[in-house]
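Chains, contacts and geometry: an overview
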Amino acid sequence: MKPVLSHPVRFADMPQRKVSRVRLVPDVGQLEALADRLDVDAFRKVLLDVELSPGPGRDWTLTGKLGATVVQPCRVTTEPVVTRIDEPVVRRYTPDLTTPEGEEVEMPEDDSLEPLPKVLDLGDVLEEALALMIPEFPRAEGAEDIDLTVQPPGAEPLSDEAVKPFAGLAALKARMEGGE
């Protein structure tokens, strides 16, 4: 899927001895499209400021910062919650990375390491980083937990202790030790 704010970068066309800087700032229409795509109420602003550095060897490193203000509904009250995101973004691209195949594979320790593409769309980097940084369960200030206890009429509701898998065994052990 094409990113809302496309900014392709060809590594072969980049300066091989100096850092390149890129700033992405979506316009109002792109902010609305991003909000629709990422299923939030709105983005007030979004900014991706990155540097692409060559090396070591044929590798490239992307470092920068993602700033955004997102509006989402509270998961308890549905009131709008405004969250400010200011997070670093780091990716390392290497041509030597191979994708492991098979049923059981080990994930690399460095989760910022990715295969070097011929063309990197910084709009994809922006959307991916934003999707990972948006709070999953935003809560309005002062929102209280909702009690969703349900039981048949006349029955006693289950407690947290009774739901635990070994609660029955603990009661049995107590009876056995007590000689009941």
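Residues numbered from 1 in each chain as written. Predicted model: local features only at pLDDT ≥ 70, side-chain atom pairs only at ≥ 80, totals over all residues. Heavy atoms only, no water.

Considerations on unusual backbone geometry
- Cis rather than trans, the peptide bond between G55 and P56 has omega equal to 0°.
- Position of P56 among the secondary structure elements: in the loop between strand 3 (42-54) and strand 4 (60-73).
- Phi is positive for D39, close to 60°, though the residue is something other than glycine.
- Tracing the backbone through its elements, the reader meets D39 in the loop between helix 1 (28-37) and strand 3.
- The exposed category is assigned to D39, whose relative accessible area is 68%.
- A positive phi angle, near 65°, is found at T78, a position not held by glycine. (Helix = DSSP H or I, 4+ residues; strand = E, 2+ residues; numbered from the N terminus. Buried < 20%, exposed > 50% of the residue type's maximum accessible area, 1.4 Å probe, protein only.)

Looking at the nonpolar core
- With 31 residues, the main nonpolar core has F43, L62, L122 and L130 as its most contacted residues.
- Contributions of two or more residues to this core are made by strand 2 (20-24), helix 1, strand 3, strand 4, strand 5 (80-94) and helix 2 (122-133).
- In contact with F43, not counting residues within four places along its chain, are L31, L34, A35, L38, T69, V70, L130 and I134. (Core = buried A, V, L, I, M, F, W, Y, C linked by side-chain atoms within 4.5 Å. Contact = heavy atoms within 4.5 Å.)

Digging into the pattern of salt bridges
- Applying the stated criterion across every chain, the model contains 8 salt bridges.
- Between R23 and D49 there is a salt bridge whose closest N-O contact spans 2.8 Å. Of this pair, R23 sits in strand 2 while D49 sits in strand 3, placing them 26 residues apart in sequence.
- Of the charged contacts in the structure, one is a salt bridge between R84 and D86, with a shortest N-O distance of 3.1 Å.
- Connected via shared salt-bridge partners are R91, E114 and E128. (Salt bridge = Lys/Arg side-chain N within 4 Å of Asp/Glu carboxyl O.)

Observations concerning the packing of aromatic side chains
- Applying the stated criterion across every chain yields a total of 2 aromatic pairs.
- Summarising the aromatic geometry, the rings of F11 and W60 are spaced 5.2 Å apart at their centres and angled 45° between planes, so their arrangement reads as tilted. With F11 in the loop between strand 1 (8-10) and strand 2 and W60 in strand 4, this pair connects stretches of sequence that are 49 residues apart. The pair F11 / W60 is uniform in exposure class, with both members buried.
- Here the aromatic rings of F11 and Y93 are separated by 5.9 Å at their centres, their planes lie at 45°, and the arrangement is tilted. Linking F11 in the loop between strand 1 and strand 2 with Y93 in strand 5, this pair joins segments that are 82 residues apart in sequence.
- You can call F11 buried: its relative accessible area is 5%. (Phe/Tyr/Trp six-rings, centres within 6.5 Å; stacked < 30°, edge-to-face > 60°.)

Points about the environment of E87
- Within the secondary structure, E87 is located in strand 5.
- Here the alpha-carbon distance between E87 and K65, two residues 22 residues apart in the chain, equals 5.7 Å.

Things to note about a nonpolar patch on the surface
- Nonpolar side chains collect at one region of the surface, where F166, L169, L172 and M176 lie side by side and expose about 460 Å² of accessible area between them.
- Accessibility expressed as a relative area gives 38% for L172, which makes it partly exposed. (Patch = residues over 30% accessible without salt bridge, like charges linked within 9 Å, V, L, I, M, F, W, Y side chains within 5 Å. Areas by Shrake-Rupley, 256 points an atom, 1.4 Å probe, with all protein chains shown as cover.)

Digging into the pairing of strand 4
- Among the 14 residues of strand 4, 10 are classified as buried, and the element is accordingly described as predominantly covered.
- Pairing of strand 3 with strand 4 involves 12 bridges; the strand directions are antiparallel. Paired with K45 across the strands is T69, a residue of strand 4.
- Between the antiparallel neighbours strand 3 and strand 4 lie 5 residues, among them G55 with a positive phi of about 95°.
- Judged from the 14 bridges that link them, strand 4 and strand 5 form a sheet pairing that is antiparallel. Its bridge partner being in strand 5, T63 is matched across the sheet by V90.
- Linking strand 4 to strand 5, which pair antiparallel, is a turn of 6 residues; within it T78 sits at a positive phi near 65°. (Pairing = 2+ DSSP bridges.)

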